[in-house]
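# Coordinate analysis (summary)
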Amino acid sequence: MEPNNIQAYQCNTCKQLFLPPKTICSACRNTETTKVTLSGHGKIMTSTVVHIPPNYSKKAPPYTVILVKLDEGIPVMGQLNDSSAQALIGTAVSLKEINEDGIYLFDVD
Amino acid sequence: MSQNKKISMRPVSIIGVGCTQFGKSDSSIIDLAIKSSVEAINSANVKYDDIQSIYLGNFVGERLANQGSLGAMLADRLGISDIPATKTEGACASGGIAFRHAFLTIALGLYDFVLATGVEKMTSSSTPDVTAALATAGDMEMEMYAGLTFPGAFAMIMASHMQKYGTTREQIASVSVKNHRNGTNNPKAMFQKEINVEDVITSREISEPIRLFDCPPISDGAASVLLCPTEIAKNFVDNPVNILGSGHASGPISLSGMNDLTSFSATAIAANEAYAMSGLRAKDIDVIEVHDCFSIAEIVALEDLGFFNKGEGGPATESGITALNGNYPTNPSGGLIAKGHPVGATGIAQIYELTKQLQGISTNQTNEPETALAHNLGGVGALSTVHILGKNNGTK
């Protein structure tokens, strides 16, 4: 897997995109999928600044978690790379990197 | 979704209820479950050996209280260890599912006397451990491991509702203010002190825009009900309460799967099932307990249940329609926010409050209600149960 691209899966029959890999397409119930690479560009659907983190997060709070609707039409949960940046709904963002914990880090465009 | 084929169901009533003090308890998880169960059984005037089945709602007992097999354990401790006892898990709606299955097994004629208990023991664990345990109600791989928490997920719902409908910070805070006010009259509530809008919007940031007083407290507690067929209910108590409708539905487990970030489809589907069974609509309901796991969740729930159009829940709350003396009195118990939210117990604690309301003996009594609705939500809309109750006016 290339470290700096979001890999999604596409149903071979109905072309639905999904993340993470599923063993069945919930739209058409086909079980054959193909791995596809996404652009990493999208817009913020909603966001939150986490002040009280869970014990599975290594990031020092506060940090910003964003739900991004990628240009290909599917949403992914990630973080803003720069915690001090504004995460207004509708803001365009691009993937900067996938960090060592597998978290998608985005920069504001 | 395919509609259930018509099957013969007999009417079911609540003849006993029990609820522990919510808050920080010295009791073990099983002792909490025993306490509320004994209260329900005694108030129903049934013999222990008459109980034919137990449903026990619990979410994180294995993780936080280090105890599994809670259903069988409760049956054993009550001295009825040969009956079936089933633990139900559906995150914060675990109790609602237990109640529904107790209802269904009687309605379908399988049993005559069934106990439903919900329990959780959370205060012995650290906040990060509780936060991590509750997060498992969401999709860990897809969403939570991005550093999201359960309050964080609802903060995203809140941000979306504010953006889409112009719902204000003050309107959302007014849910917490109202529920804290109701909590002052509930001796079993963890919080019994009034707060104001300013207190809410200046309290500690948890996950923006959610602050501390938008959240329910981490708490211990248990609640129980004892059910039987309506036709024999008055042989045991003078004031049974009838179950008029029941609904249960699943929805997307993740925010990414939601078509609309301001609405939980599971709530609307479960409500429609319960409304259809009861023949009632939202406008016919006199008193309501909804799943206010965060202040914004009460607004979303009231909209999804059909009490208000989408976007009107915030202004309606601020104007007092959901207050104790309003048109739709909501969470007279104080709700999860003031009463406390021992997650597995919550769905049955709602039934406890509404039973008392319909019997006219709640400590925070509304004006002679005839009908009531309970809404329990699991995860970030992953599932919901809705129940409609009615005062027993019959002579039987």
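Look above for the structure.
To start, this report covers the structure provided alongside it. As the structure is a computational prediction, the values presented were derived from the model and not from experiment.

What follows concerns the environment of Thr 202 of chain B. Residue and element names in this part refer to chain B. For Thr 202, the position within the fold is in the loop between helix H8 (197–201) and strand S5 (205–208). For Thr 202 and Phe 213, which are 11 residues apart along the polypeptide, the C-alpha to C-alpha distance reads 9.0 Å. In terms of polar contacts, Thr 202 uses its side chain to reach the backbone carbonyl oxygen of Glu 198, at 2.6 Å.

Contacts between the two partners involve 25 residues from chain A, matched on the other side by 29 residues from chain B. Between chain A and chain B, a total of about 2,300 Å² is buried, with carbon and sulfur atoms accounting for 65% of that surface. It is Ile 52, Tyr 56 and Met 77 of chain A in chain A that bury the most area against chain B; as a group they hold 31% of the surface buried on that side. Linking chain A with chain B are zero salt bridges, by the criterion used here. Across the contact surface, chain A and chain B share 13 residue pairs in polar contact (both at pLDDT 80 or more). Elements that contribute at least two residues to the side of chain A that touches chain B include exactly strand S4 (41–50), strand S5 (63–70) and strand S6 (75–80) of chain A. Sorting elements by how many residues they give to the side of chain A that touches chain B places S4 of chain A first, with six residues. Residue composition of the side of chain A that touches chain B, grouped by class: 17 nonpolar, eight polar and no charged. Pairing between S4 of chain A and S5 of chain B: two bridges, direction antiparallel. Across the sheet, Val 49 of chain A pairs through a bridge with Glu 208 of chain B, a residue of S5 of chain B.

Calculation notes
Residues numbered from 1 in each chain as written. Chains lettered and ligands numbered in written order. Predicted model: local features only at pLDDT ≥ 70, side-chain atom pairs only at ≥ 80, totals over all residues. Heavy atoms only, no water. Helix = DSSP H or I, 4+ residues; strand = E, 2+ residues; numbered from the N terminus. Polar contact = N/O pair within 3.5 Å; in protein donor to acceptor, adjacent residues only side chain to side chain. Contact = heavy atoms within 4.5 Å. Buried area = accessible area lost by both parts, 1.4 Å probe. Salt bridge = Lys/Arg side-chain N within 4 Å of Asp/Glu carboxyl O. Nonpolar A, V, L, I, M, F, W, Y, C, P; charged D, E, K, R; others polar. Pairing = 2+ DSSP bridges.

Read these as layout, nothing more, since geometry by itself doesn't imply function.
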